[in-house]
Amino acid sequence: MVRVDGSGSSNSLISARGLSKTYSRGGEQIQVLQALNLDVDAGEFIAFMGPSGSGKTTLLNLLGGLDVPSAGSITVAGDEITHMSRSRLTQWRARHVGFVFQMYNLIPVLTAFQNVELPLLLTSLSKAQRRQHVETALGVVGLSDRIHHYPRQLSGGQEQRVTIARAIVSDPTFLLCDEPTGDLDRKSADEIMELILRLVKEYKKTVLMVTHDPVVAARADVTLHLEKGVLVEADRLQTVSSGGAR
Amino acid sequence: MKFLGLIRANLFRKKIRFILTIGSFAVALFLFGVLAVVRVAFSGGVEIAGADRLVVINRTSIIQPLPLAYADKIRRIPGVKELTYANWFGGVYQDERNFFPQFAMDVDNWRKVFPEFDIPEEQWQNYVKDRQGAIAGAATAKRFGWKVGDRIPIKGTFLGGVWEFNLDGIYHGTRQADDETQFWFQWKRFEEQVPAQYKGNVGWYTVKVDHPDDSLRISRAIDAEFANSPFETHTDTEKAFAAGWVKQFGNIQFLIMAIGGVVFFTLLLVTGNTMAIAVRERTGELAVLKAVGYSDRFVLLFVLFESLLIAMIGGALGLGLAKIFTLGGDPTRGLLPFFFLPGKAILAGLGVTLAVGAASGVIPAIGAMRLRVVDALRRV
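Note that the structure is a prediction, hence the values are computed from the model and not measured.

(A) Representation of empty space enclosed by the protein. Inspection of every chain in the model, using the stated rule, returns five cavities of 30 Å³ or more. The calculated volume of the largest cavity comes to roughly 110 Å³. Listed by contribution, the elements that provide at least two residues to the lining of the largest cavity are helix H1 (4-11), helix H2 (15-48), helix H10 (252-281) and helix H12 (296-327) of chain B. Within this model, the second largest cavity holds a volume of roughly 70 Å³. Along the walls of the second largest cavity sit Arg93, Ala94, Val97, Gly98, Phe99, Pro119, Arg166, Ala167 and Ser170 of chain A together with Val292 of chain B, which together make up its complete lining. Only helix H2 (86-96), strand S6 (97-100) and helix H5 (156-168) of chain A provide two or more residues apiece to the lining of the second largest cavity.

(B) Seen up close, the interface of chain B and chain A. Counting residues at the interface gives 26 residues for chain B and 23 residues for chain A. Measuring nitrogen to oxygen at the nearest pair gives 2.8 Å for the salt bridge that ties Arg372 of chain B to Asp67 of chain A. Taken together, the links from chain B to chain A amount to five residue pairs in polar contact (both at pLDDT 80 or more). Elements with a contribution of two residues or more to the side of chain B that touches chain A: H1, helix H11 (283-291), helix H13 (343-370) and helix H14 (373-379) of chain B. When residues of the side of chain B that touches chain A are assigned to their parent elements, the largest contribution, five residues, is made by H11 of chain B.

(C) Local environment of the domain arrangement of chain B. Examined at the domain level, chain B breaks down into domain 1 (4-44 + 250-379) and domain 2 (60-231). A C-alpha centroid distance of 47 Å is found between domain 1 of chain B and domain 2 of chain B.

(D) Highlighting helix H5 (residues 121-129) of chain B. Residue and element names in this part refer to chain B. For H5, the full list of buried residues reads Gln123, Trp124 and Tyr127. For H5, the arc enclosing every buried residue in end-on projection is 100°, short of the 170-degree limit, so these residues lie on one face. Those residues of H5 that are exposed and angled more than 90 degrees off the buried face are Glu122 and Lys129. Next to the buried residues of H5 lie strand S4 (102-105), helix H4 (110-113), strand S6 (133-137), strand S8 (162-173) and strand S9 (183-186).

(E) How the structure looks around unusual backbone geometry. All names here are of chain A. For Ala35, which is not a glycine, the phi torsion comes out positive at approximately 45°. Topologically, Ala35 is positioned in strand S2 (residues 28-40). Phi is positive for Asn105, close to 55°, though the residue is something other than glycine. Within the secondary structure, Asn105 sits in the loop between S6 and helix H3 (112-117). A residue is classified by how much of its surface remains accessible, and Asn105, at 10% relative accessible area, is buried.

(F) Representation of the pairing of strand S7 (residues 151-155) of chain B in the model. On S7 of chain B, burial follows the alternation: Ile152 and Ile154 of chain B on one face are buried, whereas Arg151, Pro153 and Lys155 of chain B on the facing-out side are not. Two successive antiparallel strands, S7 of chain B and S8 of chain B, enclose a turn made up of six residues, where Gly160 of chain B displays a positive phi of approximately 75°.

(G) Spatial organisation of the environment of Gly50 of chain A. Along the chain, Gly50 of chain A turns up in the loop between strand S3 (45-49) and helix H1 (56-63). Considering only alpha carbons, one finds Gly50 of chain A and Glu227 of chain A, 177 residues apart in sequence, at a separation of 6.0 Å.

(H) Representation of H12 of chain B within the structure. Between its first and last C-alpha atoms H12 of chain B spans 46 Å; for 32 residues at 1.5 Å apiece the expected length is 46 Å, and the two agree. Among the residues trailing H12 of chain B, Gly329 of chain B stands out with phi positive, at a value near 85°.

(I) Looking closely at the sheet that holds strand S1 (residues 14-25) of chain A. Residue and element names in this part refer to chain A. If you walk across this open sheet you meet the four strands as S2-S1-S4-S5, and the pairing is antiparallel. Here the strands that pair on one side only, and so sit at the sheet edges, are S2 and strand S5 (79-80). Looking at chain direction, S1 and strand S4 (residues 71-76) are connected through five bridges and run antiparallel. Across the sheet, the residue bridging to Ser15 is Thr75, located in S4.

(J) Just the packing of aromatic side chains, in detail. Using the criterion set out here, one finds 37 aromatic pairs over all chains in the structure. When the ring of Phe100 of chain B is compared with that of Trp146 of chain B, the centres are 5.7 Å apart and the planes differ by 80°; the resulting orientation is edge-to-face. In this pair, Phe100 of chain B is assigned in the loop between strand S3 (80-88) and S4 and Trp146 of chain B in the loop between helix H6 (138-144) and S7, connecting sequence segments 46 residues apart. Taken as a pair, Phe100 of chain B and Trp146 of chain B share a single burial class, namely buried. Through a chain of ring-to-ring contacts, three or more aromatic side chains come together here, namely Phe89, Tyr93, Phe100, Phe144, Trp146, Trp163, Phe165, Phe183, Phe185 and Phe190 of chain B. Sitting over the ring of Tyr150 of chain A, Arg152 of chain A keeps its end group 4.9 Å from the ring centre. Between Arg189 of chain B and the ring centre of Phe165 of chain B, over which it is positioned, the NZ or CZ distance is 4.5 Å.

(K) A look at a nonpolar patch on the surface. Together, Trp88, Phe99, Phe158 and Tyr198 of chain B give the surface a local cluster of nonpolar side chains, amounting to about 380 Å² of exposed area. Along the polypeptide, Phe158 of chain B turns up in the loop between S7 and S8.

(L) Geometry of the pairing of S3 of chain B. Residue and element names in this part refer to chain B. The sheet contact formed by S3 and strand S11 (residues 204-209) spans six bridges and is antiparallel. Bridge pairing links Ala86 to Trp204 in S11. Note that S3 and S4 share three bridges and pair antiparallel. Bridge assignment links Trp88 to a residue of S4, and that residue is Phe103.

(M) Geometry of the packing of H5 of chain A against helix H6 (residues 186-201) of chain A. All names here are of chain A. H6 packs onto H5 with a crossing angle of 20° between their chain directions and a minimal axis gap of 10 Å. By the angle class used here, H5 and H6 are roughly parallel. As for how H5 packs across H6, the hand of that crossing is right-handed. For the pair H5 and H6, contact is made by Gly157, Gln160, Arg161, Ile164 and Ile168 and by Ser188, Glu191, Ile192, Leu195, Ile196 and Leu199, respectively. Classifying every residue of the contact of H5 with H6 by side-chain character gives six nonpolar, three polar and two charged.

Reading the values: rules and limits
- Residues numbered from 1 in each chain as written.
- Chains lettered and ligands numbered in written order.
- Predicted model: local features only at pLDDT ≥ 70, side-chain atom pairs only at ≥ 80, totals over all residues.
- Heavy atoms only, no water.
- 1 Å grid on protein atoms, 1.4 Å probe; cavity = no way out; pocket = protein on both sides within 12 Å on 5 of 7 lines; lining within 4 Å.
- Points joined across faces, edges and corners; volume = space filled by probe spheres on them.
- Helix = DSSP H or I, 4+ residues; strand = E, 2+ residues; numbered from the N terminus.
- Contact = heavy atoms within 4.5 Å.
- Salt bridge = Lys/Arg side-chain N within 4 Å of Asp/Glu carboxyl O.
- Polar contact = N/O pair within 3.5 Å; in protein donor to acceptor, adjacent residues only side chain to side chain.
- Domains from an automatic or database assignment.
- Buried < 20%, exposed > 50% of the residue type's maximum accessible area, 1.4 Å probe, protein only.
- Arc of directions from axis to C-beta.
- Pairing = 2+ DSSP bridges.
- Expected span 1.5 Å × (residues − 1).
- Phe/Tyr/Trp six-rings, centres within 6.5 Å; stacked < 30°, edge-to-face > 60°.
- Lys NZ or Arg CZ within 6 Å of the ring centre and 35° of its normal.
- Patch = residues over 30% accessible without salt bridge, like charges linked within 9 Å, V, L, I, M, F, W, Y side chains within 5 Å.
- Areas by Shrake-Rupley, 256 points an atom, 1.4 Å probe, with all protein chains shown as cover.
- Axes fitted to C-alpha atoms, helices over the stretch in contact; angles between N-to-C directions.
- Parallel < 35°, antiparallel > 145°, perpendicular 65-115°, else oblique.
- Left-handed = near helix turned anticlockwise from the far one by under 90°.
- Nonpolar A, V, L, I, M, F, W, Y, C, P; charged D, E, K, R; others polar.

Next up, the structure:
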């Protein structure tokens, strides 16, 4: 169960305490996050909403180990990541985090297969094992018939599916999705959301997603609102088991 | 090995740029190779000159003769092991452009002083017995399609007339840089046919000494022996003699270094700029690589390796073309007997290629290494 009041249990998958982030811009200190607390349990699907500049992406970057907080701590699956060195944090990301970006960020000169294989090249898996993992991931996202296509040969929705396949191929602890449907039409956006929901329900993935779209956010278990760097509201939706809208 | 696909895909990302960058390296290294060939062509004689040989010429000029009678006096100087002599002939075979050096040489001692020239014994014995005989270097024989037994007519220049020679043998150098363009015939025949005022003279002596360390002392002794005579001598080591010859053409080494330096500096700017653009274009992709777990060091090496690979492909291509260029032999038809691309120059070329490749890639690579994922993704 997600909590924002710092009262989460030690069993939380992700736990942030007193998380602050301050940027210096033109001599002015801009506080993006202010002593934020967050606890997320495994298997939860959280949506972060808020106006531009509210700190949604900053929060995602901190939780994903892409950035370091100005104050506070983040613990993921028992690992305190805020004091890790850059190289250790890189290794940690490879093992624990799957990223899905709004602009897909696929490498255009690599095929879908090669893009998805990228995280696995860092592992000790054999070529055959890598192939099996990649084919499985692309199968999960429904692109088994597009494995040798280059990004330019795919639609936006398909590109985002490849990004999701790349994010899940190494079976990370959790997924961070930054506006995964922001660049898609409604139909493609719905398909991507269906896919993310499948990852949560069938594959028990923990997903943290930033979105501007209330329709998309409504598909998550919980929607948290960020305003002026503070999580001000937690809106828990009904689960499928209790007749909710997931 | 598993990253080869990623490297290959990036190399061919912009094919025209890839080809042009490779082309820049290839042209630069081709030029480097040709300059190295030119350097060897001018200084090859210096490098292979025997450390144990001295050249004795007329103090006034090499075109002035020395008396044959000096031979015995030089032989008596302590430390002199062997001595031979020759005259420049300067004839024309068919056409004045068909230049190759022709020497009237001393049959008796030539091979003792120049053991690096290899001639089949049977051919040599035939030559010794044949007053009209001649021996040609393998390069010259190949150039004109001569074979042993051919009759070679050479038109004399300062001596006039047509001199007919029987080609009794063909010599080969035992080292790569040995001059295989010379044409030898017997000094005795030369002596018989020259006008009276030329008789009893030689063009120069070549002296072999017992110990190279004694060269200076022996040189001084020879020159002292003939000081204040009508034919004063100037004696130097063969290496210094060859170097002096090269100096007549100016400071070739400096010229080559200057041209090479400018070319490689320009190449550095061009490739450095190309790599910087290539990295900047891929900022987002490098950020994604880092996001999914590729380390800063990997990204650094990845960019650097790409730069080195481009340099090596282009460099190898350029040096290969330079090598092919030299396979056809001396394009001046005999003026540059040492016309080849030495192995040392190829290694130096590859070394320079690696250095330029590394230098042009290192700044973009460091930039890529320092790239912060969040900053890079914000720019995309």
